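# Close look at the chain arrangement
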Amino acid sequence: MNRINLWFKKYKLKPIPVISVAVIVIILLIVLIKMLIPNDVEPKSLSMIEDGELRTGPAAYYPIIFEVKDGDKFEITDRKGKWFEVTNDDNEKGWIAGWHTNLDIKEDVNPVAKPLKGKTIILDPGHGGGDQGASSSKHKNVTEKEITLKTAQELEEMLKSEGAKVKMTRTKDEYVKLKDRQGDGDVFISIHNDALDSSGPHGVTVYYHHDTQQDFAKTLHTSINQKSILSDRGVRNENFQVIRQTKMPAVLLELGYISNPTDEDLIADRKYRHIVETGIVDGLKVYFSN
Ligand SMILES: [Zn+2]
């Protein structure tokens, strides 16, 4: 008689019912453990199944850090919806849309996130009326006051389609005093185009005044320069009245030099302006997402 039979005898138990109960308990325990551990364990790595972009945040309006190629591999460090935060072997970090990867993720056709919804954006088209601002050396008919109004009106339409409210400091060719170029809102954007006697200088500059406006200026600057082919003159602190007199996040954008022939051709071109305007809208989305 082996030891198991002796044990059953000692406690006066019948082997078959006891073994049956033991087997049932073990099966129940396995089922319970399986239920507690989620089936979809988050993936730890991914590889690209087509070319895509590494971005600074989890949406298509975030600036591109660099292009990634079909076959590139990354470790996953975080996830937001259909976007993955990843790092590569060189420790470069960024966000990738899941639908470009080997993970089974459907493309966002209608991204629900509308970061500009309900935000009030004040647009200030520089100059107007008797104050024409900078003028072209090449085409005497191109003036800063016209270009700034066109840019602001085009931006207004784009921002409204993103659900934002837009207030304009002027909507026609009229003179508005600097002290009246303000209002209640979430952010303030003054739009200008530079000019100098020399035709040499060119490019885009983003100005802020108060320290509290610096983040906003940097975000718009990064985003505009992602799109714009004009040279980048950086983010600068300047004591301009329209950004000094407001406490809200505010910038004054100098979107190229009318006095530079190349800049001027681009500024006067509706398609080019649209590219820069997209940069501004994307920058606003990034700003309001963070
Ligand atoms: Zn100006």
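Predicted model, so just to flag it, every value in this text is computed and none were measured.

Our focus in this paragraph is the nonpolar core. By size, the foremost hydrophobic cluster in this structure holds 31 residues, and its most contacted members are Leu123, Leu159, Ile189, Ile280 and Leu284. Where this core is concerned, the elements lending two or more residues are strand S7 (120-125), helix H3 (144-161), strand S8 (165-168), strand S9 (187-194), strand S10 (204-208), helix H4 (214-227), strand S12 (250-257) and helix H7 (270-289). In terms of residue count, the dominant contributor to this core is H7 (6 residues). The contacts of Leu284, once residues within four sequence positions are left out, are Leu116, Ile121, Leu159, Val187, Ile189, Phe216 and Leu220. In this structure, Ile76, Ile96, Trp99 and Leu103 belong to the second largest nonpolar core, which totals 15 residues.

A word on the pattern of salt bridges. Side-chain pairs of opposite charge can arise where the charged atoms are in close proximity. Tallied over the full model, the rule gives 12 salt bridges. For Arg79, the salt bridge goes to Glu42, with nearest N and O atoms at 3.6 Å. Of this pair, Arg79 sits in strand S4 (residues 73-80) while Glu42 is found in the loop between helix H2 (15-36) and strand S1 (45-47), placing the two residues 37 residues apart along the sequence. Overall, Glu42 belongs to the partly exposed group, its relative accessible area being 46%. Glu277 is the partner of Arg270 in a salt bridge, and the nearest nitrogen-oxygen pair spans 3.5 Å.

Between its first and last C-alpha atoms H4 spans 20 Å; for 14 residues at 1.5 Å apiece the expected length is 20 Å, and the two agree. Every buried residue of H4 is listed here: Phe216, Ala217, Thr219, Leu220, His221, Ser223 and Ile224.

Sequence positions flagged by UniProt for "domain: SH3b" (unreviewed entry) are, in local numbering, residues 42-104. Within residues 42-104, the helical portion is 0% and the strand portion 48%, while the C-alpha atoms at the span's ends are 12 Å from each other.

Right, let's get into the coordination of the zinc ion. Only His127 (NE2), Glu144 (OE) and His192 (ND1) from the protein reach the zinc ion as donors, at distances of 2.0 to 2.2 Å. Sequence positions of the residues that donate to the zinc ion give the spacing H-x16-E-x47-H. You can see Glu144 sitting in helix H3 and its partner His192 sitting in strand S9, a full 48 residues away along the chain. The same class applies to Glu144 and to His192, which are both buried.

Per the stated rule, a full pass over the model turns up 5 aromatic pairs. Considering the side-chain rings of Trp83 and Trp99, the 5.7 Å spacing of their centres and the 85° angle between planes classify their relative orientation as edge-to-face. Of this pair, Trp83 sits in strand S5 (residues 83-87) while Trp99 sits in the loop between strand S6 (93-97) and S7, placing them 16 residues apart in sequence. Just as Trp83 is buried, Trp99 falls in that class too. Considering the side-chain rings of Tyr287 and Phe288, the 5.5 Å spacing of their centres and the 80° angle between planes classify their relative orientation as edge-to-face.

Thresholds applied
Residues numbered from 1 in each chain as written. Predicted model: local features only at pLDDT ≥ 70, side-chain atom pairs only at ≥ 80, totals over all residues. Heavy atoms only, no water. Core = buried A, V, L, I, M, F, W, Y, C linked by side-chain atoms within 4.5 Å. Buried < 20%, exposed > 50% of the residue type's maximum accessible area, 1.4 Å probe, protein only. Helix = DSSP H or I, 4+ residues; strand = E, 2+ residues; numbered from the N terminus. Contact = heavy atoms within 4.5 Å. Salt bridge = Lys/Arg side-chain N within 4 Å of Asp/Glu carboxyl O. Expected span 1.5 Å × (residues − 1). UniProt positions renumbered as here; feature names shortened; annotations may be inferred. Donors = N, O, S within 2.8 Å, 3.2 Å for Na, K, Ca; no water. Phe/Tyr/Trp six-rings, centres within 6.5 Å; stacked < 30°, edge-to-face > 60°.

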